[in-house]
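# Close look at the chain arrangement
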Amino acid sequence: MLAGMDSFQATIEADGRIEPRDAMPEGYRKTLIRQIAQHAHSEIIGMQPEGNWISRAPSLRRKAILMAKVQDEAGHGLYLYAAAETLGVDRADLLDLLHSGKQKYSSIFNYPTLTWADIGAIGWLVDGAAIVNQVPLCRCSYGPYARAMVRVCKEESFHQRQGFEILHTLCNGTEAQKAMAQDALNRWWWPSLMMFGPPDASSTHSEQSMAWGIKRHSNDELRQRFVDMTVPQADVLGIRVPDEGLTCDEETGHYSFTEPDFTELYEVVKGNGPCNQQRLAHRVKAHEDGAWVREAAAAYAEKQAAKAQGSAA
Amino acid sequence: MNDLFVYTLRLGDDALIAAQRTAEWIAAAPQLEEDVALGNIGLDQLGQARTLLQYAGQVEGAGRSEDDLAYFRDERDFLNVQLCELPNGDFAQSIARLLYFATYQHLLYEELRGCADETLAGVAGKAVKEVAYHVDHATQWVLRLGDGTEESHRRMQAGLDTMWPYTAELFTSDALVERLEVAVDPSTLHDEWERRVTQVIDESTCARPTSSYQHSGGREGRHTEHFGFLLAELQHVARSHPGASW
Amino acid sequence: MIEPLWEVFIRSRRGLSHVHVGSLHAPDATMALRNARDVYTRRQEGVSIWVVPATDITASSPDEKDEFFDPAGDKVYRHPTFYQVPEGVDHL
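Residues numbered from 1 in each chain as written. Chains lettered and ligands numbered in written order. Predicted model: local features only at pLDDT ≥ 70, side-chain atom pairs only at ≥ 80, totals over all residues. Heavy atoms only, no water.

Moving on to the overall build of chain B. What chain B contains, in helices and strands, is ten helices and zero strands. Ordering the α and β elements of chain B from the N terminus gives α-α-α-α-α-α-α-α-α-α. Its C-alpha radius of gyration of 18 Å places chain B within 12% of the 18 Å reference for a compact globule of 246 residues. The principal-axis extents of the C-alpha atoms in chain B amount to approximately 55 × 40 × 30 Å. Residue burial in chain B is summarised as follows: out of 246 residues, 63% are buried. Contacts spanning at least 24 positions in sequence make up 79% of the contacts within chain B whose residues lie at least 6 apart. Of the roughly 9,200 Å² of accessible surface on chain B, a fraction of 48% belongs to carbon and sulfur atoms. Taken together, the 20 basic and 40 acidic charged side chains of chain B have centroids lying 1 Å from each other. (Helix = DSSP H or I, 4+ residues; strand = E, 2+ residues; numbered from the N terminus. Rg over C-alpha atoms; globule rule 2.2 N^0.38 Å. Buried < 20%, exposed > 50% of the residue type's maximum accessible area, 1.4 Å probe, protein only. Contact = heavy atoms within 4.5 Å. Areas by Shrake-Rupley, 256 points an atom, 1.4 Å probe, with all protein chains shown as cover. Lys, Arg positive; Asp, Glu negative; His and termini not counted. Charge placed at Lys NZ, Arg CZ, Asp CG, Glu CD.)

Residue and element names in this part refer to chain B. It is the contact of helix α5 (residues 91-112) with helix α9 (residues 190-203), at a shortest axis distance of 10 Å, that shows an interaxial angle of 145°. Seen from above, α5 lies across α9 with right-handed handedness. Contacts between α5 and α9 pair L99, Y100, T103, Y104, H106, L107 and E110 from the former with E192, W193, R196, V197, V200 and I201 from the latter. Residues of the contact of α5 with α9, tallied by class, amount to eight nonpolar, two polar and three charged. (Axes fitted to C-alpha atoms, helices over the stretch in contact; angles between N-to-C directions. Left-handed = near helix turned anticlockwise from the far one by under 90°. Nonpolar A, V, L, I, M, F, W, Y, C, P; charged D, E, K, R; others polar.)

This brings us to the sheet that holds strand β1 (residues 5-11) of chain C. All names here are of chain C. Ordered by their spatial adjacency, three strands build an open sheet running β2-β1-β3, and the pairing between neighbours is antiparallel. Two strands close off the open sheet at either side, each with one partner strand: β2 (18-25) and β3 (48-53). Neighbour to neighbour, the strand axes of the sheet diverge by 25° on average, direction disregarded. Note: β1 against β2, seven bridges, orientation antiparallel. Bridge pairing in β2 places W6 opposite L24. (Pairing = 2+ DSSP bridges.)

So, on to the environment of E244 of chain A. As for its placement among the helices and strands, E244 of chain A is situated in the loop between α10 (219-237) and β1 (247-248). For the pair formed by E244 of chain A and F257 of chain A, sequence separation is 13 residues and the distance between their alpha carbons is 8.4 Å.

Contacts between chain A and chain C engage 22 residues on the former and 20 residues on the latter. Between chain A and chain C, the buried area comes to about 1,800 Å², and carbon and sulfur atoms account for 53% of it. Contact with chain C buries surface across chain A, with R21, L78 and R151 of chain A losing the most and accounting together for 28% of the total. Where chain A packs against chain C, one counts five salt bridges. (Buried area = accessible area lost by both parts, 1.4 Å probe. Salt bridge = Lys/Arg side-chain N within 4 Å of Asp/Glu carboxyl O.)

Here the focus is the packing of aromatic side chains. Residue and element names in this part refer to chain B. Taken as a whole, this structure holds 21 aromatic pairs over all chains when the rule is applied. Here the aromatic rings of F91 and W141 are separated by 5.2 Å at their centres, their planes lie at 90°, and the arrangement is edge-to-face. Taken together, the positions of F91 in helix α5 and W141 in helix α6 (residues 118-146) put the pair 50 residues apart, joining distant regions of the chain. By relative accessible area, which is 1% here, W141 ends up buried. An aromatic cluster is defined as three or more aromatic residues linked by ring pairs; in this entry it consists of Y100, F101, Y104, W164, F171 and W193. (Phe/Tyr/Trp six-rings, centres within 6.5 Å; stacked < 30°, edge-to-face > 60°.)

It is worth spelling out helix α11 (residues 262-272) of chain A at this point. All names here are of chain A. Regarding α11, the residues found buried are F262, L265 and V268. One side of α11 holds all its buried residues, which, seen down the axis, span an arc of 110°. Opposite its buried face, α11 presents the exposed residues T263, K270 and N272, each directed more than 90 degrees away. Contacts from the buried residues of α11 go to α8 (175-194), α10 and α12 (276-289). (Arc of directions from axis to C-beta.)

This prediction gives chain B a mean pLDDT of 97; 100% of its residues lie at or above 70. Per the prediction output, this complex has pTM 0.95; the corresponding ipTM is 0.97. (pLDDT = per-residue confidence, 0-100.)

With that settled, consider the interface of chain B and chain A. Where the parts come together, the accessible area they lose is often given as the size of the interface. Each side of the interface is counted separately: chain B has 46 residues, and chain A has 45 residues. Its largest share of buried area at the contact with chain A, chain B owes to A27, L32 and W246 of chain B, together 19% of the area lost on that side. In this assembly, chain B and chain A are joined by two salt bridges. Across the salt bridge formed by R91 of chain A and E33 of chain B, the nearest N and O atoms sit 2.8 Å from each other. Run the count over chain B and chain A and you get 15 residue pairs in polar contact (both at pLDDT 80 or more). Among the elements that line the side of chain B that touches chain A, the one with the most residues is helix α2 (residues 32-60) of chain B, at eleven residues. Residue classes in the side of chain B that touches chain A are distributed as 24 nonpolar, eleven polar and eleven charged. (Polar contact = N/O pair within 3.5 Å; in protein donor to acceptor, adjacent residues only side chain to side chain.)

With that out of the way, let us pick up the environment of R239 of chain B. Residue and element names in this part refer to chain B. Take R239: it is sitting in helix α10 (residues 225-240). On a C-alpha basis, the gap between R239 and F72 in space is 7.1 Å, while along the polypeptide they are 167 residues apart. Look past the residues within four positions of R239 in its chain and what remains in contact with it is Y71, F72, R73 and D74. Within the structure, R239 has its side chain in polar contact with the backbone oxygen of Y71 (distance 2.8 Å).

By size, the foremost hydrophobic cluster in this structure holds 191 residues, and its most contacted members are Y28, W116 and Y142 of chain A together with Y7 of chain B. Contact partners of Y7 of chain B, with chain neighbours within four places excluded, come to L108, L112, L120, L176, V177, L180, A183 and V184 of chain B. (Core = buried A, V, L, I, M, F, W, Y, C linked by side-chain atoms within 4.5 Å.)

In this structure, the second largest pocket encloses a volume near 1,200 Å³. Surrounding the second largest pocket, 37 residues form its lining, T86 and R147 of chain A together with E7, H20 and G22 of chain C being those nearest its centre. Top element by residues in the lining of the second largest pocket is helix α7 (residues 143-171) of chain A. It accounts for seven residues. Looking at side-chain class alone, the lining of the second largest pocket contains 17 nonpolar, eight polar and twelve charged residues. (1 Å grid on protein atoms, 1.4 Å probe; cavity = no way out; pocket = protein on both sides within 12 Å on 5 of 7 lines; lining within 4 Å. Points joined across faces, edges and corners; volume = space filled by probe spheres on them.)

Further remarks concern empty space enclosed by the protein. Residues and elements named next belong to chain B. A complete count under the given rule lists two cavities of 30 Å³ or more for this structure. The calculated volume of the largest cavity comes to roughly 150 Å³. Around the largest cavity sit 14 residues that line it, and T22, Q45, S94, R97 and L98 are the ones nearest its centre. With six residues, α5 is the largest single contributor of residues to the lining of the largest cavity. A per-class count over the lining of the largest cavity returns eight nonpolar, four polar and two charged. Space inside the second largest cavity adds up to approximately 30 Å³. Forming the boundary of the second largest cavity are L11, D14, F101, Y104, Q105, L108 and Y109.

A word on the packing of helix α4 (residues 60-85) of chain A against helix α5 (residues 91-99) of chain A. All names here are of chain A. Contact geometry for α4 and α5: axes closest at 9 Å, N-to-C directions at 110°. By the angle between their axes, α4 is roughly perpendicular relative to α5. Considering the relative orientation of α4 and α5, their crossing is right-handed. Residue-level contacts link L78, Y81, A84 and E85 of α4 to R91, L94, L95 and L98 of α5. Its residues placed into classes, the contact of α4 with α5 shows six nonpolar, no polar and two charged. (Parallel < 35°, antiparallel > 145°, perpendicular 65-115°, else oblique.)

What follows is the structure in C-alpha cells.
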C-alpha cells in the first residue's frame, strides 16, 4: 500500500492523473495554482483586445462570430478558475491577485488591436500558438486542469479557423485590405513567437514542471512546431512573415528562424507593454463597478433563504 | 416604400441596435457568468436582426443585403425605437431596458408566429423561445437588485424610471400597421405588457415608474443624440472600404 | 463576500445519466441553474441540468481508498466471466 507522497510519485511515474483530494507536494500544488490562474487571467484579459472590435466588426456575420468567440473566452476563464479552485483557492482571491498585479497573464494581450486585420491575426497566430501550447495540457497530470483543457481545446478549434478566414478574405480583397493583413502579420509575428516563453536555456520553471507532468514539451520545441505549422499558411495567404532570416531545411522540413528579441518580452512582463495599464484598469473597473451587483445578489439570496426557513419553521 | 419592407426593417433595426448595446457588456459585466449570459442574449438579438434584415432586403427587391442595410443606411433611415439605442448606463439600467424590451418582443413574436407571412412567422417562432429566456434573465435580476441591498434598490428604481419614458413608443400604432395585414398592431400588446412588467416590478419591491411624458420618433427615423455615435462605431470600418468583402 | 460554488451535472441526451462537467459561482440555486445553462450548454451539450452546492457533496477520501475499494478486488465471482458454461448452452 502506498500512502501520501509515495502514491503521488507512483501515479506520476505511471502517467496517471492526480485528483483534487490526493496528497501532493506543496510545490506541485503551488505551481499548478500559479499556472492555472495565469491561464485563466489570460483568457479574461484576452477578451479585451478582441472585445473592443465587436462594435466595429465590418459585417454582421463577423460580428456574431466575434461575439461568440469573446464569449467563449469568458467561459474558458471560468472553467480554468474552477479547476484552480479544486486546489483549495477561491476565485475571488485569484481575481484580487490579478487586479493587484501580483499574478500575471499572457503578455500577448498587452499589445493593441489597431485594425480589423488584427482580429484575423489574433485568431490565426495567437490562438494558433495557444493551441500548440494547450493541446499537450489536455494530458497534464492534474485531472481537473486536463479536463478543463479538453473542453477549452474543443471549443477553440473554431477560433483559429475564423482568424485565418478573416485574413484569407482580406488577402483576396482590395489593395488596402491586403496591406492591412500584411501590417497585422508584421506586428503580431514576434509577440506570437514570444508566447512560448523564454528560450529553454533561461526558462526558470520548466524542468520541475516537466518532471511533474504539468508540462510536456519545452518552450523551444513548441515554438519550432508553431513556426513549422504557420509559415506555409502565410504562403497560402500570400503575405510575408517579417523574418529575413527565415529558411526551410529541405531535409528535415523544419524552418530555422530568427530568435525574437526577448528583452521586449521581459519589458512587457514587467508592465511596460503598450496596453498593460489599460487592460488591467479596464478589468479592475468592471470588477469594481460590478461589486454592488454581486452584493445585491448575495443579500437577496440571504433574504430568500431566511424566508424559506421562516416558513418551514 | 413597400409596407412589408418598412415593417420588417422596424423589427430588424430594433433587434440590431439592441444587440449592439448588449454586446458592450461583454468583458465589462459584474461577473464572469454574466459576461457569458449577456453574450448569449446579444447573439440571440443579433441572429434575429440578421434574419429580419436579410428578409427586408429580399422584400425590397433592390438587391440590398443585411450588411447593406446595417452598414450603409444613415441615421435618419433607421427605424428602431429609441429605447434600444439609449446608452447602457449601469447594470440596473440595462436590465430595466431588457425587461421592458424583451417582454414586448415576447408578446410581439407570440402574435407574429401565427401571421400569414411565412418568413416572419418562422422568425417569430424561433425568436419567441429566445426572448422568453431574456425575459426570465431580466426578471431574475430585477428581483435581486430591487430586493437586494439599499444601493441596488436605489439603482434598480433609477434604471426602471430612466427607461420608462421610452416604452410607449413600442406600442404606438400607425397607418402602416393598420394597412399591413401581417403586421401585429403593437397597441394591442400594451395592456398585457404592462401587467407582466408591473408584476415583476411589484415583486422586486420597486415602485412602478410614474412619469407620464413619453418620447417618440424612432419609427420615423428621429433618434436621440446617442444614436449617431452608436452608428459611427458600428459602420465606420465597412464605410471606409466601400464595396469590400469581409 | 464570497459567492457559493456550485457543481454542475449535465444530461447530454435523453437516456443517459447526468455527468459532472465543471463548476461555477452563483448567489443562489435559481441563478446557478441559469448560469449553468449559459456557460455549459452553449453548443447544445445538454437536455437537463443539475446544480449542487459544492459544500453539500460528501466525498470519499483518498486516505480511505484502500479499505474502500481494494476489498472488491478479489470478489471475482461477481462477474459473469467467472463462470464456466458448458458448450451448447445458449441464452445464459
